[in-house]
Every structure is written in structure tokens, then in C-alpha cells.
Amino acid sequence: GAVVSQHPSWVICKSGTSVKIECRSLDFQATTMFWYRQFPKQSLMLMATSNEGSKATYEQGVEKDKFLINHASLTLSTLTVTSAHPEDSSFYICSASFGGRSSYEQYFGPGTRLTVT
Amino acid sequence: SQKIEQNSEALNIQEGKTATLTCNYTNYSPAYLQWYRQDPGRGPVFLLLIRENEKEKRKERLKVTFDTTLKQSLFHITASQPADSATYLCALSNNDMRFGAGTRLTVKP
């Protein structure tokens, strides 16, 4: 149980274009979904937290107009990287939780490798 | 500022031995501490969660200790196997969750 999927698993796009990444909880309803970014050999950095039906909470330094998050249902959240640039190239990972923002097990998706050329 | 440090970037051990990974933190009071396994190009997989009022937790060949005085958690894998080779992340939770950079464990046959 507690399976989270992400789509696509990898994507290459040109600078200036937008890319949408989907995160789905397959066998449970996720109260909260999280979006992380991970650069090589570095820690996961939390970008934003989203609850179904409400606006996402962004971490300091993360541009909400650049990284659009939509959490339309209890099983689906999307991250759209708008006007992507090469420095946005990274490994994006979502996770889902039964509980709120803190202190619960998070179930992670397999990640999406974004390369912006 | 809050810091989470995992003892070393990489740890190599022989199959059958016990692997011990360390997670130290400063300027943080976590209610929970979690350990995850991450394989290359994959998302983390949850292993164990330990609460601040718990000293030790076990799950099969895994054991986690949590010392809030020392601000340290130790993660042990006994009878290690090559399949245990991966990066192990500790994560601290209070009002949010923060990850360490991870320790890459290699178990040699």
C-alpha cells in the first residue's frame, strides 16, 4: 500500500517552455502532498506543501509564480515549472501524507528528472 | 541556523558486518526522526520512524536510536548484504520535515 506515482519520469525541454509534472497517490487519499527538489549529492529541499483544495504553501526562496502547484483532488497534485531555464534542471520528487504538514510518514514518488536545454 | 549532518558522505563495509550511520542535528527540536533509503534516480523509501520520547526502535535487521540530549540518531543495519547498498537519509520532523544530505553505503561481497 501507500504507492505514489509521478509522470513523467524524465523530461527534456527547451529554455522558456513550461513543463508539468503529475503526482498521484494510487491507493490512498493524500491529505497533504509535498514537492521537493534534489540536486546531485545534495539533500532533498522542500519547495512547497499543498493541501487538497487550498493554495500551496511555498518555502522561503521558492518563487510561487514560477513553480505553480495545483492540488485538485485527494489523489492528484501537479507542479508546473513555467518559463524553465537551465538552472531549473534538477530531480523533482513529490511525496504524499495521510496527515498534515508535519510528523507523519511521507510516501515518495519515484521522481522526475528535468533537463532544460 | 538549523543543521542536519550525516556522519560521512560514503561508508564501505564488508558483507555480514554491521553498518552504523550517524545523524547529528543542531538548533532543532524534532518531535520525530525518520530514516529513508534512496536508490540512484529514485525517490526515498520510508524505513523507520522514532519519536522523541523513544530511545530505540527495531525492524528486522534495522535498529534506530534517538538521543535528544546528544542530538543524535544512530541507524544500524546488522548482517549487511550487498542489496543494502544505497544512500540513507535521516529526516527530522517538527512543524516541517528537513532532510540530511545522506550517507552512501556500499556493502561489498
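**A few points about the packing of aromatic side chains**
For the structure shown, the criterion picks out 11 aromatic pairs over all chains. With a centroid separation of 5.5 Å and an interplanar angle of 45°, the aromatic rings of Tyr36(A) and Phe108(A) are classed as tilted. Here the residue Tyr36(A) occupies a position in strand 4 (residues 32-38), and Phe108(A) occupies one in strand 10 (residues 107-108), the gap between them amounting to 72 residues. The pair formed by Tyr36(A) and Phe108(A) is uniform in burial state, with each residue classed as buried. Between Phe75(B) and Tyr88(B) the ring centres are 5.4 Å apart and the planes differ by 35°, which places this aromatic pair in the tilted class. On the criterion of sequence distance, the pair formed by Phe75(B) in strand 8 (residues 72-77) and Tyr88(B) in strand 9 (residues 86-93) is long-range, its members being 13 residues apart. Of the two residues, Phe75(B) and Tyr88(B), neither departs from the other in class, the shared state being buried. One Lys or Arg, Lys66(A), reaches over the ring of Phe67(A) and ends 5.9 Å from the middle of that ring.

**As for the state of the cysteines**
For the structure shown, the criterion picks out 2 disulfides over all chains. The disulfide partner of Cys23(A) is Cys94(A), and the gap between their sulfur atoms is 2.0 Å. Between Cys23(A) and Cys94(A) the disulfide shows an S-S torsion of about 80°. By sign, it is right-handed. On the criterion of sequence distance, the pair formed by Cys23(A) in strand 3 (residues 19-25) and Cys94(A) in strand 9 (residues 90-97) is long-range, its members being 71 residues apart. Overall, Cys23(A) belongs to the buried group, its relative accessible area being 0%. Classification of Cys94(A) as buried rests on a relative accessible area of 0%. Residue Cys23(B) pairs covalently with Cys90(B) via a disulfide, S to S 2.0 Å.

Reading guide: rules and limits
Residues numbered from 1 in each chain as written. Chains lettered and ligands numbered in written order. Predicted model: local features only at pLDDT ≥ 70, side-chain atom pairs only at ≥ 80, totals over all residues. Heavy atoms only, no water. Phe/Tyr/Trp six-rings, centres within 6.5 Å; stacked < 30°, edge-to-face > 60°. Helix = DSSP H or I, 4+ residues; strand = E, 2+ residues; numbered from the N terminus. Buried < 20%, exposed > 50% of the residue type's maximum accessible area, 1.4 Å probe, protein only. Lys NZ or Arg CZ within 6 Å of the ring centre and 35° of its normal. Disulfide = S-S within 2.5 Å.

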